[in-house]
Amino acid sequence: MRVGMGYDVHRLTEGRKLILGGVEIPYEKGLLGHSDADVVVHAIMDALLGAAALGDIGKHFPDTDPKYEGISSIALLKHVGDLLEAHDYIIENIDATIIAQRPKLLHYMPEMVKNVADALGVETGQVNIKATTEEGLGFTGSGEGISAQAICLLSPCFSYPEADRETSGGCCRRCRG
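First, a word on scope: everything that follows refers to the structure included in this document. Source: prediction; values computed, not measured.

## A look at the sheet that holds strand 1 (residues 2-13)
Whenever strands of a sheet pair, they do so through backbone hydrogen bonds, lying parallel or antiparallel.
In step 1: Taken together, five strands build an open sheet; the order of strands is 4-1-7-5-6 and the sheet is mixed. Of all the strands in the sheet, just strand 4 (30-31) and strand 6 (127-132) have a single pairing partner and so form its edges.
In step 2: Pairing of strand 5 (residues 89-99) with strand 6, which is carried by six bridges, proceeds in the parallel orientation. Paired with Ala 96 across the two strands is Ile 129, which belongs to strand 6.
In step 3: Packed onto the sheet, helix 4 (residues 109-120) meets strand 5 and strand 6 and runs at close to 145° relative to strand 6.

So, in structure tokens, the structure goes:
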């Protein structure tokens, strides 16, 4: 088993959409960044890449590359999922926390979970996304920005018994032939 941890933060600014977990959240400000600045998806990608020892999102999607300007982070997450599959890793679970004083995010969580699960080809029960405030403290508490943390557990495909691989149709590209 391999564990990965990810963290991301972006400043809130006017004139941008607020995208979290691939969901557009109605709010007067959005996150500033080269892509859509989806902090929770960025934290998840870094956790997954870290667990697989494949670097980080800056290595794979540099903010100096114009092809990533304004890109959907969900599209980038799909690419990370493809990298994991190519390296024969199976996602066991992902747990992420969004830290934001506002807006309230509870009603958007199911859609965020579904977007992440769909992008990675896993079940929604393998993804958990939650939100918390910092009780008015720090840059997130004052509304200057939003941050996110994520942790994940990966397993190499070869750690699954042969019988499980056969009954499930194969756990990764190598097993599926």
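## Comments concerning the pattern of salt bridges
In step 1: In this structure the tally under the stated criterion is three salt bridges.
In step 2: Notably, a salt bridge pairs Asp 118 with Lys 114, separated by 2.6 Å at the nearest N-O pair. Placement of the pair is Asp 118 and Lys 114 together in helix 4, with a separation of four residues, close to one helical turn.
In step 3: For Asp 118, a relative accessible area of 47% puts it in the partly exposed group.

## Remarks on the pairing of strand 5
In step 1: A large share of strand 5 lies buried, amounting to eight of its eleven residues.
In step 2: With ten bridges joining them, strand 5 and strand 7 (residues 145-156) adopt antiparallel strand pairing. Each bridged residue has a counterpart across the sheet, and for Thr 97 the counterpart in strand 7 is Gln 149.
In step 3: For the crossover from strand 5 across helix 4 to strand 6, the handedness is right-handed.

## Overview of the packing of helix 1 (residues 39-51) against helix 3 (residues 73-86)
In step 1: Interaxial distance between helix 1 and helix 3 falls to 10 Å at its minimum, and their mutual angle equals 10°. Of the possible angle classes, the one that applies to helix 1 and helix 3 is roughly parallel. When helix 1 is examined against helix 3, the residues Val 41, His 42, Ile 44, Met 45, Leu 48 and Leu 49 are found in contact with a partner set consisting of Ser 73, Ile 74, Leu 76, Leu 77, Val 80, Leu 83 and Leu 84.
In step 2: Here the residues of the contact of helix 1 with helix 3 sort into eleven nonpolar, two polar and no charged.

Rules of the game
- Every chain is numbered on its own, with residues counted from 1 as its sequence reads.
- Local features in this predicted model are restricted to residues whose pLDDT is 70 or higher, and side-chain atom pairs enter the listing and the counts only when it is 80 or higher, whereas totals over whole chains, interfaces and linings include all residues.
- Heavy atoms from the whole structure form the basis of all side-chain values; hydrogens and water molecules are not counted.
- Pairs of strands are assigned from DSSP output, requiring at least two bridges between the strands.
- Secondary structure counts use DSSP, requiring at least four H or I residues in a row for a helix and at least two E residues in a row for a strand, with both numbered from the N terminus.
- We call two residues contacting when some pair of their heavy atoms lies within 4.5 Å.
- Only C-alpha atoms enter the line fits that serve as axes; for helices the fit covers just the stretch in contact. Angles between N-to-C directions range over 0 to 180 degrees.
- Salt bridge, as used here, is a side-chain nitrogen of Lys or Arg placed within 4 Å of a carboxyl oxygen of Asp or Glu.
- Only protein chains enter the accessibility calculation, which uses a 1.4 Å probe; a residue whose area is less than 20% of its type maximum is buried, one above 50% is exposed, and one in between is partly exposed.
- Note on handedness: a crossover is taken as right-handed if, strands pointing away from the viewer, the path from the first strand over the helix to the second is clockwise.
- Roughly parallel here means an angle under 35 degrees, roughly antiparallel means over 145, roughly perpendicular means 65 to 115, and every remaining angle is called oblique.
- In this classification, the charged set is Asp, Glu, Lys and Arg, the nonpolar set is Ala, Val, Leu, Ile, Met, Phe, Trp, Tyr, Cys and Pro, and all remaining amino acids, among them Gly, are polar.

Read these as spatial facts, not as claims about activity.
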